[in-house]
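Structural description and commentary
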Amino acid sequence: MGAITRRNILDTDIYCLTGEKFSLGRSNVEVVREMLDAGIRLIQYREKEKKAGAKLEECLAIRKMTREAGAAFIVNDDIDIAILVDADGVHVGQEDLPVPEVRRLVGEKMAIGLSTHTPEEALKAVESGADYIGVGPIFRTFTKEDVVDPVGFEYLEYVAGNLDIPFVAIGGIKEHNVGEVFRRGARCVALITEIVGETDIKGKIAALRQAVEAAKE
Ligand code: 3NM
């Protein structure tokens, strides 16, 4: 694989996020090890409960592992930690600092992802200089605390058909519906509970990959 850049960071089918609360007693680091061993090449560290020091320590370990695997590493929310560990990207939400200010902090090399839930937010994200957007929640999910109602396929199809920015579909995506998400225009999907909540993470990733390949045919 070539160098990871702001432009190509989403060039992969399956984007894996951590979620230690749902990880059946395994640590974020253990779960990421499984994901990388299963061939995942894009990891986001998402951890809302731990203190900064503990998050930094985990991110340093995951940075090392992702680098060795040639995988991209994105940190959710914590811009300071993303900078400290030399992450490939940082992912922010609508309530976080505006993208131009995030850019001033992280410099020109790091990718910035922004969660969006409406066409208006997506258009603003493009104008703001985000490198990619999250599009969701596609289906109902209880994983995110400040959850909004599902946007369904309508918003996904709008982004796929009208915007020239890399995007990732997220929210309630499972093995049984991932094929449909690809058929509706997604080229990258992000998942938390379907993967971290599975005993056999490698088996689940293989099954997801099979469903994605079938949808692409
Ligand atoms: N962001 P699961 S939905 C982190 O719509 C996150 O922006 C969303 O978790 C958004 O795969 C979501 O378990 C939760 O549904 C995704």
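How each quantity is defined
Residues numbered from 1 in each chain as written. Predicted model: local features only at pLDDT ≥ 70, side-chain atom pairs only at ≥ 80, totals over all residues. Heavy atoms only, no water. UniProt positions renumbered as here; feature names shortened; annotations may be inferred. Helix = DSSP H or I, 4+ residues; strand = E, 2+ residues; numbered from the N terminus. Rg over C-alpha atoms; globule rule 2.2 N^0.38 Å. Buried < 20%, exposed > 50% of the residue type's maximum accessible area, 1.4 Å probe, protein only. Contact = heavy atoms within 4.5 Å. Areas by Shrake-Rupley, 256 points an atom, 1.4 Å probe, with all protein chains shown as cover. Lys, Arg positive; Asp, Glu negative; His and termini not counted. Charge placed at Lys NZ, Arg CZ, Asp CG, Glu CD. 1 Å grid on protein atoms, 1.4 Å probe; cavity = no way out; pocket = protein on both sides within 12 Å on 5 of 7 lines; lining within 4 Å. Points joined across faces, edges and corners; volume = space filled by probe spheres on them. Nonpolar A, V, L, I, M, F, W, Y, C, P; charged D, E, K, R; others polar. Axes fitted to C-alpha atoms, helices over the stretch in contact; angles between N-to-C directions. Parallel < 35°, antiparallel > 145°, perpendicular 65-115°, else oblique. Left-handed = near helix turned anticlockwise from the far one by under 90°. Phe/Tyr/Trp six-rings, centres within 6.5 Å; stacked < 30°, edge-to-face > 60°. Near = heavy atom within 4 Å. Polar contact = N/O pair within 3.5 Å; in protein donor to acceptor, adjacent residues only side chain to side chain. pLDDT = per-residue confidence, 0-100. Arc of directions from axis to C-beta.

- In the annotation of an unreviewed UniProt entry, the entry for the protein chain reads Thiamine-phosphate synthase, and the organism field reads Pseudodesulfovibrio portus.
- For the record of the protein chain, the UniProt heading Sequence similarities (unreviewed entry) holds the text "Belongs to the thiamine-phosphate synthase family."
- As stated in UniProt under Function (unreviewed entry), the record for the protein chain gives "Condenses 4-methyl-5-(beta-hydroxyethyl)thiazole monophosphate (THZ-P) and 2-methyl-4-amino-5-hydroxymethyl pyrimidine pyrophosphate (HMP-PP) to form thiamine monophosphate (TMP)."

1. Side note on the overall build of the protein chain
- Counting its regular elements, the protein chain contains nine helices and eight strands.
- In terms of C-alpha radius of gyration, the protein chain reaches 16 Å, essentially the compact-globule figure of 17 Å for 217 residues.
- Principal-axis analysis of the C-alpha atoms places the extent of the protein chain at approximately 40 × 40 × 35 Å.
- Per-residue burial for the protein chain yields a buried fraction of 52% across its 217 residues.
- At a minimum sequence separation of 6, the contacts of the protein chain that also span at least 24 residues come to 58%.
- Accessible area for the protein chain stands at about 10200 Å²; split by element, carbon and sulfur atoms hold 51% of it.
- Averaged over its 28 positive side-chain charges, the protein chain has a centre that lies 3 Å from the centre of its 37 negative ones.

2. Topic: the layout of surface pockets
- The volume enclosed by the largest pocket comes to roughly 690 Å³.
- Those elements giving two or more residues to the lining of the largest pocket turn out to be β1 (14–17), β4 (89–92), β5 (111–116), β6 (132–135), β7 (167–170), β8 (189–191) and α8 (193–196).
- Counting residues per element, the lining of the largest pocket draws most heavily on β6, at three residues.
- The residue inventory of the lining of the largest pocket, partitioned by class, reads 15 nonpolar, 15 polar and eleven charged.

3. Points about the packing of helix α5 (residues 119–128) against helix α6 (residues 152–162)
- Orientation of α5 relative to α6, taken along the N-to-C sense of each, is 30°, at an axis distance of 10 Å. Considering the angle they form, α5 stands roughly parallel to α6. Seen from above, α5 lies across α6 with right-handed handedness. Where α5 approaches α6, its residues Pro119, Ala122 and Leu123 are matched on the opposing element by Tyr155, Tyr158 and Val159.
- Grouping the amino acids of the contact of α5 with α6 by side-chain chemistry returns six nonpolar, no polar and no charged.

4. Describing the packing of aromatic side chains
- Going through the model one piece at a time under the given rule, you end up with two aromatic pairs.
- Where Tyr15 meets Tyr132, the ring centres are 6.2 Å apart and the plane angle is 70°; that geometry is what we call edge-to-face. Of the two residues, Tyr15 is situated in strand β1 and Tyr132 in strand β6; the sequence distance between them amounts to 117 residues. Residue Tyr15 shares its accessibility class with Tyr132, and that shared class is buried.

5. Considerations on the site of the ligand
- Taken together, 14 residues surround the ligand, and among them Pro137, Thr141, Thr143, Gly172 and Thr193 come closest.
- Within the contact set of the ligand, an oxygen atom lies 2.8 Å away from a backbone nitrogen or oxygen of Gly172.
- A distance of 2.5 Å separates an oxygen atom of the ligand from a polar atom in the side chain of Thr193.
- Relative to its free-state accessible area of 420 Å², the ligand is covered by the protein chains to the extent of 98%.
- Class assignment of the residues belonging to the shell around the ligand gives a composition of four nonpolar, eight polar and two charged.

6. What to know about the confidence of the model for the protein chain
- Chain-level statistics for the protein chain give a pLDDT mean of 97 and a share of 100% at 70 or above.
- The ipTM assigned to the predicted complex is 0.99, against a pTM of 0.98.

7. A word on helix α4 (residues 99–106)
- Along α4, the residues that are buried comprise Val99, Val102, Arg103 and Val106. Buried residues of α4 fall within an arc of 105° about the axis and therefore sit on the same side.
- Gly107 occupies a position one or two residues after α4 and carries a positive phi of about 85°.

8. So, the side chain of Thr116
- Assignment of secondary structure puts Thr116 in strand β5.
- According to the relative accessible area criterion, Thr116 is buried, its value standing at 1%.
- At 2.8 Å, the side chain of Thr116 forms a polar contact with the backbone oxygen of Gly134.
- A distance of 2.5 Å separates the side chain of Thr116 from the side chain of Tyr155, its partner in a polar contact.

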